[in-house]
Amino acid sequence: MRIKSFIAAATIAAFSTATMVGCTTNPYTGERQASKGATLGIIGGAVGAVIGAAVAKTPEERKKAALIGAGIGGVAGGSVGIYMDQQEAELRQQLEGTGVSVSREGDQIVLNMPGNVTFATDSSDVAPSFFDVLDSVVIVLDKYDSTLVNVDGHTDSTGSEEYNQKLSERRAASVAEYLLNSGIAVERLAAQGYGESRPIASNATPEGRSQNRRVEISLDPIEKQ
């Protein structure tokens, strides 16, 4: 409950700040409008909600919130498999040759984004060269909006556990922020860092460590209630 209260308060505070001190008067039209700083404040509050959503709500709670808050219709139970098949096919087409792999387990789709193509070394800023790849993902996410979007950050075991945890959180947040700024509804998004706790290869070799440095975007269908 504390986490939920904190997220709600942070989001409300961001909007309140924009309302009270973030408005300017357009000298040409005379209309009141949000300043650039206010807009960034709103985005910042929304990103805080995205980060907290992974731990503050269960997947089912998030699906209900997305149906209501994002105004989407959801997928009928018997159509989920076909819906995810179509989404998977379009993602594979969009991401061919980008270095991002697309995998499928049941009704969940996972996009594996290697750290070496997504970020500069030891950085949590998305590399400009990767913007087009994320834009391709956004195209599909816009079309198939009845999915939850989970952004998970992972690292190898080089360095301290505490540092790796924070780096994974920052990287997940950066990707989630890019998706949010590209128009993906905040209710669909969640971001979380796992540090070095979920390796997919051995950390004993350079090749294995390279595989472990990654951001994963997992997509889960939102069924009609």
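Here's a quick rundown of the structure. No experiment lies behind these values; they were computed from the predicted model shown.

Cut-offs applied
- Residues numbered from 1 in each chain as written.
- Predicted model: local features only at pLDDT ≥ 70, side-chain atom pairs only at ≥ 80, totals over all residues.
- Heavy atoms only, no water.
- Core = buried A, V, L, I, M, F, W, Y, C linked by side-chain atoms within 4.5 Å.
- Buried < 20%, exposed > 50% of the residue type's maximum accessible area, 1.4 Å probe, protein only.
- Helix = DSSP H or I, 4+ residues; strand = E, 2+ residues; numbered from the N terminus.
- Contact = heavy atoms within 4.5 Å.
- Pairing = 2+ DSSP bridges.
- Axes fitted to C-alpha atoms, helices over the stretch in contact; angles between N-to-C directions.
- Salt bridge = Lys/Arg side-chain N within 4 Å of Asp/Glu carboxyl O.
- Parallel < 35°, antiparallel > 145°, perpendicular 65-115°, else oblique.
- Left-handed = near helix turned anticlockwise from the far one by under 90°.
- Nonpolar A, V, L, I, M, F, W, Y, C, P; charged D, E, K, R; others polar.
- Expected span 1.5 Å × (residues − 1).
- Right-handed = clockwise from strand over helix to strand, strands pointing away.

Let's shift gears to the nonpolar core. Core analysis: the largest hydrophobic core is formed by 37 residues, its most contacted members being L111, V151, L179 and I217. Looking at this core, the elements that each hand over two or more residues are α2 (36-56), α4 (80-95), β4 (108-114), α6 (131-143), β5 (147-154), α7 (161-181), β6 (189-193) and β7 (214-221). Excluding residues within four positions of it along the chain, I217 makes contact with I109, V110, L111, M113, V149, N150, V151, V175 and L179. Counting five residues, the second-largest nonpolar core is a separate cluster that includes L67, I72, L148 and I222.

A few words on the pairing of β4. Within β4, six of the seven residues are buried, which leaves it mostly tucked inside the rest of the structure. In this structure, strand β3 (residues 101-105) lies alongside β4, joined through five bridges in antiparallel fashion. In the sheet register, R104 faces β4, and the bridge partner there is I109. Linkage of β3 to β4, two consecutive antiparallel strands, is achieved through a turn of two residues, within which G106 is found at a positive phi near 65 degrees.

Overall, mixed pairing links the five strands, which are arranged β3-β4-β7-β5-β6 in an open sheet. Two strands lie at the open edges of the sheet, namely β3 and β6, each paired on one side alone. Taking the axes of each pair of neighbouring strands and ignoring which way they run, one obtains an average angle of 20 degrees across the sheet. For β5 and β6, the ladder comprises five bridges, and the chain directions are parallel. Each bridged residue has a counterpart across the sheet, and for N150 the counterpart in β6 is A190.

Within this structure, the stated rule accounts for nine salt bridges. One salt bridge in this structure joins R104 and E88, with 2.6 Å as the shortest N-O distance. Taken together, the positions of R104 in strand β3 and E88 in helix α4 put the pair 16 residues apart, joining distant regions of the chain. Looking at R104, the relative accessible area reads 26%, which means it is partly exposed. Between D107 and R104 there is a salt bridge, and its shortest N-O distance comes to 4.0 Å.

Relative to each other, α6 and α7 sit at 55 degrees, their axes nearing to 10 Å. Here α6 is positioned oblique relative to α7, judged by the angle of their axes. Our pair here, α6 against α7, has a crossing hand that is right-handed. Residues F131, L134, D135, V138 and L141 of α6 pack against V175, Y178 and L179 of α7. Here the residues of the contact of α6 with α7 sort into seven nonpolar, no polar and one charged.

Outside of glycine, negative phi angles account for most residues, and trans bonds account for most peptide bonds. Here the phi dihedral of D122 falls at roughly 60 degrees; this positive angle occurs in a residue that is not glycine. Its place among the elements puts D122 in the loop between α5 (115-118) and α6.

With respect to the element layout, E60 can be found in helix α3 (residues 59-69). What makes E60 partly exposed here is its relative accessible area of 46%. Sequence spacing of E60 and I222 is 162 residues, and the spatial spacing of their C-alpha atoms is 8.8 Å.

All right, on to α6 then. Because an α-helix packs 3.6 residues into every turn, residues spaced three or four apart end up facing the same way. Under the 1.5 Å per step criterion, the end-to-end length of α6 is 19 Å for 13 residues, consistent within 8% with the ideal 18 Å. For α6, the complete set of buried residues consists of V133, L134, S136, V137, V138, V140 and L141. Among the structural elements, α4, β4, β5, α7 and β7 are those in contact with the buried residues of α6.

Counting buried positions along β6 yields four of five residues, so the element is predominantly enclosed. Each parallel crossover has a hand, and the one from β5 via α7 to β6 is right-handed.

Everything listed here is a matter of coordinates, which is why it stays silent on function.
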